[in-house]
Amino acid sequence: MAKITLENLAHSYHSKAKSEDDFALKRLNHVWNDGEAYALLGASGCGKSTLLNIISGLLIPSEGRILFDDKDVTHLPTANRNIAQVFQFPVVYDTMSVRDNLAFPLKNRKADSAYIVERVQKIAAMIDMENILDKKARGLGADEKQKISLGRGMVREDVNALLFDEPLTVIDPQMKWQLRTQLKALHNEFGHTMIYVTHDQTEALTFADKVVVMHEGCVVQIGTPQELFEKPEHTFVGYFIGSPGMNILKADIIGNRAIVNGAKILLPQSYEPKASKVEIGIRPEFLSLSSTNGVPVQIERVEDVGRHKIIRANISGIPINILEKEGAEIGSDMNRVIFNPEYINVYADDWRLEGRI
Ligand code: ADP
Ligand code: MG
């Protein structure tokens, strides 16, 4: 297993990149700690696969270096990087049995045959394929084949890192949950450095110790699920994570007050934003309706979503979402909204500011 360091890494698919916009991956410095489980989260097209393929060696970055521990592997082919990678769609040998597919990476490395038998059995149990080990892969469905790909990715214990690129896309929801749990168990047992790419926040937040959020070719935040929830460093993290995401409201800031469309809102600290775009962000969870206090609000509709009610409302025309508990009574006199100051973040040109007491 290895620590992976990205040093001034950037990538453009254009041979002569002229501007920032030509880069699928903008300049990046980051260390993936040895033995940690990371999720790489972001919308489609933000550069996740590009980054993963650079780590695995399928792609040579146009700028910067990549190190495994202290060794520069930037130009080393995939085969010599000692990593396992699982892709979105199955890569299996159709003419081989499930057993031989799973054993392949071990045989390739000339592992001991008794060990191969034992290891294949263990992995087969993890992916729930013990009963069909002797079937040929050819006759299996896409989800079964993808489970084989996952199994093949997990079969070696001696890899530097395990990379997964949206591996559960073709798997049905129930099995998804089960496989994710298995991957987590595998991580707890062997402590591999794991990078798991997904565009699904639930997957990212349940799988990883740390989530790396990407947006338009940039890493905008690396944090625990709680940090991403409470202190989104960038407005994108605020609205991409959460359901519904964070409310982001244009504001004027004077000391410890924000003024949103004429309404005054108390902030946890004082701020002096120097930016053309100033906003405050607050999650729907930290807003509550009131009949007596807070900022006047107009309720448009109430949606029941299981354990919560989402209240779609507006502050003189500016849309805002409020989350209340499932049993909460929402009376017709509830026409104000209270902001919990502790959970208000202030953003200047999309980046979070630290305030002063
Ligand atoms: P993600 O995995 O997050 O969906 P990708 O890394 O696949 O994103 O793509 C990032 C950007 O690079 C996208 O704009 C995509 O169109 C572009 N891109 C990806 N692969 C290639 C390629 N082989 N040639 C040119 N452009 C590419
Ligand atoms: Mg991708």
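Residues numbered from 1 in each chain as written. Chains lettered and ligands numbered in written order. Predicted model: local features only at pLDDT ≥ 70, side-chain atom pairs only at ≥ 80, totals over all residues. Heavy atoms only, no water.

A word on the site of ligand 1
For ligand 1, the full set of nearby residues is Tyr13, Ala24, Ala43, Ser44, Gly45, Cys46, Gly47, Lys48, Ser49 and Thr50. In the environment of ligand 1, a nitrogen atom lies 3.4 Å from a nitrogen or oxygen atom belonging to the side chain of Tyr13. Among the elements that make up the shell around ligand 1, the one with the highest residue count is helix 1 (residues 48-56) (3 residues). (Near = heavy atom within 4 Å. Polar contact = N/O pair within 3.5 Å; in protein donor to acceptor, adjacent residues only side chain to side chain. Helix = DSSP H or I, 4+ residues; strand = E, 2+ residues; numbered from the N terminus.)

Here we look at the state of the cysteines
Tallied over the full model, the rule gives 0 disulfides. No disulfide involves Cys46; its sulfur sits 9.9 Å from the nearest other cysteine sulfur, which is in Cys218. Classification of Cys46 as buried rests on a relative accessible area of 5%. Its relative accessible area of 30% is what places Cys218 among the partly exposed residues. (Disulfide = S-S within 2.5 Å. Buried < 20%, exposed > 50% of the residue type's maximum accessible area, 1.4 Å probe, protein only.)

Examining the domain arrangement of the chain
Domains assigned within the chain are domain 1 (4-240) and domain 2 (247-352). Inter-centroid distance (C-alpha atoms) of domain 1 to domain 2 is 38 Å. Per-residue buried area on domain 1 facing domain 2 is highest for Phe229, Glu233 and Thr235; these three make up 50% of the total on that side. For the pair domain 1 and domain 2, the interface holds 1 salt bridge. Across the salt bridge formed by Glu233 and Arg352, the nearest N and O atoms sit 3.5 Å from each other. Elements that contribute at least two residues to the side of domain 1 that touches domain 2 include exactly helix 7 (225-230) and helix 8 (235-240). The greatest single-element share of the side of domain 1 that touches domain 2, amounting to 4 residues, is contributed by helix 8. (Domains from an automatic or database assignment. Buried area = accessible area lost by both parts, 1.4 Å probe. Salt bridge = Lys/Arg side-chain N within 4 Å of Asp/Glu carboxyl O.)

Let's talk about helix 5 (residues 173-190)
Residues lying three or four places apart along an α-helix face the same way, a consequence of the helix completing one turn every 3.6 residues. If you check helix 5, its first and last C-alpha atoms are 26 Å apart, about what 18 residues at 1.5 Å a residue would give, namely 26 Å. Every buried residue belonging to helix 5 is among Met175, Leu179, Arg180, Gln182, Leu183, Leu186, His187 and Phe190, and all of these are buried. When helix 5 is viewed along its axis, its buried side chains cluster within an angular range of 160 degrees and face the same direction. Turned more than 90 degrees away from the buried face of helix 5 sit Pro173, Gln174, Trp177 and Asn188, all of them exposed. In the stretch just after helix 5, Gly191 is the one whose phi turns positive, near 60 degrees. (Expected span 1.5 Å × (residues − 1). Arc of directions from axis to C-beta.)

Points about the packing of aromatic side chains
Within this structure, the stated rule accounts for 8 aromatic pairs. Relative to Phe286, the ring of Phe229 lies with its centre 5.8 Å away and its plane at 65 degrees, an arrangement referred to as edge-to-face. With Phe229 in helix 7 and Phe286 in the loop between strand 14 (278-282) and strand 15 (287-290), this pair connects stretches of sequence that are 57 residues apart. Relative to Tyr239, the ring of Phe236 has its centre 5.7 Å away and its plane inclined at 75 degrees; by these criteria the two rings are edge-to-face. Taken together, the residues span about one helical turn, with Phe236 and Tyr239 both in helix 8 at a distance of 3 residues. Classification of Phe236 as buried rests on a relative accessible area of 5%. What links up through ring pairs into an aromatic cluster is the set Phe164, Tyr196 and Phe207. (Phe/Tyr/Trp six-rings, centres within 6.5 Å; stacked < 30°, edge-to-face > 60°.)

Re the pattern of salt bridges
In a structure, side chains of opposite charge can pair up when their charged atoms sit close to one another. Under the counting rule described, the total for this entry stands at 19 salt bridges. Among the ionic pairs, Glu303 bridges to Arg312, the shortest N-O distance being 3.0 Å. When salt bridges that share partners are traced, they join Glu7, Arg65 and Asp72 into one network.

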